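# Notes for the structure review
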Amino acid sequence: MSEKAIITAAVVGAEVTRAQSPYIPYTPAEIAQAAVDAWRAGAAVVHLHARWPDGRPSQEAAHFREIVDRIRGAGCDVVIQCSTGGAVGMSVDERLGALVEGAEMGTLNLGTMNFGDDVFVNARPDIVRIAARLRERQLVPECEVYDAGMLDTLSWLLRHGHLGAPYHVQFVLGVPGGMGATERNLRFLVEGLPEPARWTAAGVGRAQLEMAALGLRLGGHVRVGLEDNLYLAKGVLAKGSSELVERAVALAEQAGRAPATPAEARALLGVKIH
Ligand code: KMH
Ligand code: ZN
């Protein structure tokens with residue numbers, strides 16, 4: 001029987017704004033509500049960023065704490081993954097603010113790259129430092145891979161003991177500056193994993209649907225949400241990440257992969273209950 005599909009909802013991100021879609025959550029209450037809605041729609045994991053009330057990206061611990069408290073206060077047992085990537089231009093100290101009490105996973109971005117017109121800096125000592133912090137807090141790292149060379153960094157981290165099981169791999173394809181969201185690229189990356197590991201596929205923009213379907217077919221898991229894609233169909237904005245999750249659930253079922261519950265996702269990902 002095929003492994004259940006872990007659906008991750010990336011409900012806010014750091015880049016998209018209300019000028020692009022009025023459905024982007026900004027306040028902790030809105031972000032928590034988006035997470036709970038995504039969980040109700042079938043997401044087992046939420047990938048969280050935070051915002052200031054005016055929409056600027058925030059890595060303030062107080063914002064993340066409020067989001068986590070509100071999610072749990074709603075009786076929602078979704079796996080909580082906090083972003084240590086934050087937004088381009090933030091220092092590592094600032095980015096680490098997201099790892100609040102209640103987080104269960106944290107992202108680990110595996111390299112420096114062009115990110116649209118900006119540069120997303122992840123020097124190797126920064127990566128090692130973030131990996132150490134995740135380990136100290138007993139959080140499961142999710143390694144964000146945007147380009148093929150980042151798999152060599154993954155291999156280096158494993159070889160030097162900076163990273164070890166349990167960890168998860170997230171292929172984010174289609175960022176301008178990273179690898180494009182194509183079938184050939186995803187297959188190449190999956191084949192290039194330095195050791196057997198669970199992975200999720202995310203496609204940016206229009207590619208979200210195709211990468212989700214392909215990821216499920218290739219035995220991976222799937223990430224959807226407004227962080228990566230604002231549209232349900234050409235010219236039709238998704239009214240929230242939950243609509244994109246509903247579509248991912250349908251894709252998983254078509255692929256014969258029932259969506260994992262949060263408890264099942266914790267078991268697959270090696271997430272400890274603190
Ligand atoms: N906002 C991007 C620059 C992560 O969450 O760890 C980085 C990002 C990755 O979104
Ligand atoms: Zn993110």
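Analysis parameters
- Counting from 1, residues in each chain are numbered in the order their sequence is written.
- Chain letters start at A and ligand numbers start at 1, both assigned in the order the entries are written.
- Side-chain atom pairs in this predicted model are given and counted only at pLDDT of 80 or more, local residue features only at pLDDT of at least 70, and totals for whole chains, interfaces and linings cover all residues.
- Values reported for side chains reflect all heavy atoms of the structure, with hydrogen atoms and water molecules removed beforehand.
- Sites may look incomplete, because water is not among the atoms used; the donor set itself consists of N, O and S atoms within 2.8 Å of the metal (3.2 Å for Na, K and Ca).
- Three labels apply to residues, based on accessible area from a 1.4 Å probe with only protein chains included: buried if under 20% of the type maximum, exposed if over 50%, partly exposed otherwise in between.
- Any residue with a non-hydrogen atom lying within 4 Å of a molecule or strand is treated as near it.
- Pairing of N or O atoms within 3.5 Å defines a polar contact, subject to two protein rules: one partner must be a possible hydrogen donor and the other a possible acceptor, and residues neighboring in sequence count only if both atoms are side-chain atoms.
- All accessibility values rest on the Shrake-Rupley procedure with a 1.4 Å probe; residue burial counts only the protein chains present in the view.
- In the scheme used here, Gly and all other residues not listed as nonpolar or charged are polar, with Ala, Val, Leu, Ile, Met, Phe, Trp, Tyr, Cys and Pro taken as nonpolar and Asp, Glu, Lys and Arg as charged.
- Any carboxyl oxygen of Asp or Glu that lies within 4 Å of a side-chain nitrogen of Lys or Arg is treated as forming a salt bridge with it.
- Strands here are runs of E lasting at least two residues and helices are runs of H or I lasting at least four, both read from the DSSP assignment and numbered beginning at the N terminus.
- Note on aromatic pairs: the rings of Phe, Tyr and Trp (six-membered ring only in Trp) are paired at centre separations within 6.5 Å, and the planes decide the class, stacked below 30 degrees, edge-to-face beyond 60, tilted for the rest.
- Our definition puts a charge over a ring when NZ of Lys or CZ of Arg is within 6 Å of the ring centre and also within 35 degrees of the ring normal.
- When the sulfur atoms of two cysteines come within 2.5 Å, that pair is taken as a disulfide.
- Every axis in this analysis is a line fitted to C-alpha atoms, fitted for helices over the stretch in contact. Angles between the N-to-C directions lie between 0 and 180 degrees.
- Here roughly perpendicular refers to angles of 65 to 115 degrees, roughly parallel to angles under 35, roughly antiparallel to angles over 145, and oblique to all remaining angles.
- The sense of a crossing depends on the near helix, which, turned anticlockwise from the far helix by less than a right angle, makes the crossing left-handed and, turned clockwise, makes it right-handed.
- Contacts: residue pairs with any heavy atoms within 4.5 Å of one another.

This part covers the coordination of the zinc ion (ligand 2). When four donors bind a metal tetrahedrally, each ideal donor-metal-donor angle is 109.5 degrees, and when six bind octahedrally, the ideal angles are 90 or 180 degrees. With distances of 2.1 to 2.2 Å, the protein atoms coordinating the zinc ion (ligand 2) are His-47 (NE2), His-49 (NE2) and Glu-227 (OE). Donor residues for the zinc ion (ligand 2) sit on one chain with the sequence pattern H-x1-H-x177-E. Of the residues examined, His-47 reaches a relative accessible area of 2% and is grouped as buried. You can call His-49 buried: its relative accessible area is 3%.

As a structural note, the neighbourhood of ligand 1 is formed by 13 residues, with Glu-15, Ser-83, Gly-86, Thr-107 and Asn-109 the closest of them. Glu-15 places a polar side-chain atom, nitrogen or oxygen, 2.7 Å from a nitrogen atom of ligand 1. In this structure, His-47 approaches ligand 1 through a side-chain N or O atom, which is 3.1 Å from an oxygen atom. In isolation ligand 1 exposes 300 Å². Once the protein is present, 98% of that is buried. Per-class residue counts for the shell around ligand 1 are 4 nonpolar, 7 polar and 2 charged.

As a working rule, side chains carrying opposite charge can pair if their charged atoms are close by. Tallied over the full model, the rule gives 13 salt bridges. As a salt-bridge pair, Arg-129 and Asp-93 come within 2.4 Å of each other at their nearest N and O atoms. Of this pair, Arg-129 sits in helix H4 (residues 124–136) while Asp-93 sits in helix H3 (residues 92–95), placing them 36 residues apart in sequence. Overall, the relative accessible area of 37% leaves Arg-129 in the partly exposed class. Judged by relative accessible area, which is 54%, Asp-93 ranks as exposed. One network of salt bridges, with partners in common, ties together Glu-144, Arg-223, Glu-227 and Asp-228.

Attention now moves to the packing of aromatic side chains. Applying the stated criterion across every chain, the model contains 4 aromatic pairs. With a centroid separation of 5.6 Å and 70° between ring planes, the pair formed by Phe-115 and Phe-120 is classed as edge-to-face. Considered together, Phe-115 and Phe-120 belong to a single accessibility category, that of buried residues. Judged by centre distance (5.8 Å) and plane angle (55°), the ring pair of Phe-171 and Trp-199 falls under tilted. Within this pair, whereas Phe-171 is found in strand E10 (residues 168–173), its partner Trp-199 is found in strand E11 (residues 199–203), the two being separated by 28 residues in sequence. Residue classification places Trp-199 among the buried positions, given a relative accessible area of 5%. One Lys or Arg, Arg-18, reaches over the ring of Tyr-26 and ends 3.9 Å from the middle of that ring.

The next point concerns the state of the cysteines. Following the criterion strictly, the structure yields 0 disulfides and no others. Between Cys-82, a free cysteine, and Cys-76, which holds the nearest cysteine sulfur, the sulfur-to-sulfur gap is 13 Å. The thiol sulfur of Cys-143 is not disulfide-bonded, and the nearest other cysteine sulfur, from Cys-82, lies at 16 Å.

The interhelical angle for the contact between helix H6 (residues 183–191) and helix H7 (residues 207–217), taken along N-to-C directions, is 40°, at an axis separation of 11 Å. Classified by the angle between their axes, H6 and H7 sit oblique to one another. Of the two possible hands of crossing, H6 and H7 adopt the one that is right-handed. From H6, Glu-183, Leu-186 and Arg-187 reach across to H7, where they touch Glu-210, Met-211, Leu-214, Gly-215 and Arg-217. For the contact of H6 with H7, the residue count by class is 3 nonpolar, 1 polar and 4 charged.

On to unusual backbone geometry, then. For the bond from Ala-165 to Pro-166, the omega torsion is 0°, close enough to zero to count as cis. You can see Pro-166 is positioned in the loop between helix H5 (149–159) and E10. Positive phi is not limited to glycine here, since Gln-138 has a value of about 60°. The class for Gln-138 is partly exposed, based on a relative accessible area of 44%.

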